[in-house]
Amino acid sequence: MTTSRTTDTSAALGRIAVFAALIVVLGTVIVPLPSGVPITAQTLGVIFALIIFSTFNNLIGGVYMALMDPYGLTLFDAQTWGFALAFA
């Protein structure tokens, strides 16, 4: 049991480290713009907010799906859910 928890902790720390590295790299990206087109700090703030929002949105969606999956599979089998969600 201890090994599994240690592995989960190290995997989570690894993901956090990769996320932090990606934020640093995104901060150093220079976007070439045509002359006369100003890029403001507000625009960069919006992009950063969009990245943070989509990250947490995916996290919440994944947690929700993980919690609902056992309940959903008791209602219908996987093929029926696939058919229903394909046309939803």
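See the structure printed just above.
Note that the coordinates shown come from a computational prediction; the quantities given were computed from them, not determined experimentally. (Residues numbered from 1 in each chain as written. Predicted model: local features only at pLDDT ≥ 70, side-chain atom pairs only at ≥ 80, totals over all residues. Heavy atoms only, no water.)

Asks: Please give an account of the overall build of the protein that cites residues and values.
Replies: In terms of regular secondary structure, the protein is built from 3 helices and 0 strands. Reading the protein from its N terminus to its C terminus gives the helix and strand order α-α-α. Counting the 88 residues in the protein, one finds 1% classified as buried. (Helix = DSSP H or I, 4+ residues; strand = E, 2+ residues; numbered from the N terminus. Buried < 20%, exposed > 50% of the residue type's maximum accessible area, 1.4 Å probe, protein only.)

Asks: Kindly report on the layout of surface pockets, identifying the contributing residues and their values.
Replies: Roughly 230 Å³ of internal volume is contained in the second largest pocket. Lining the second largest pocket, in full, are Tyr64, Met65, Met68, Asp69, Tyr71, Gly72, Leu73, Leu75, Ala78, Trp81 and Leu85. Elements represented by at least two residues in the lining of the second largest pocket include exactly α2 (41-75) and α3 (78-86). The dominant element in the lining of the second largest pocket, judged by the number of residues it contributes, is α2, at 8 residues. Its residues assigned to classes, the lining of the second largest pocket comprises 9 nonpolar, 1 polar and 1 charged. (1 Å grid on protein atoms, 1.4 Å probe; cavity = no way out; pocket = protein on both sides within 12 Å on 5 of 7 lines; lining within 4 Å. Points joined across faces, edges and corners; volume = space filled by probe spheres on them. Nonpolar A, V, L, I, M, F, W, Y, C, P; charged D, E, K, R; others polar.)

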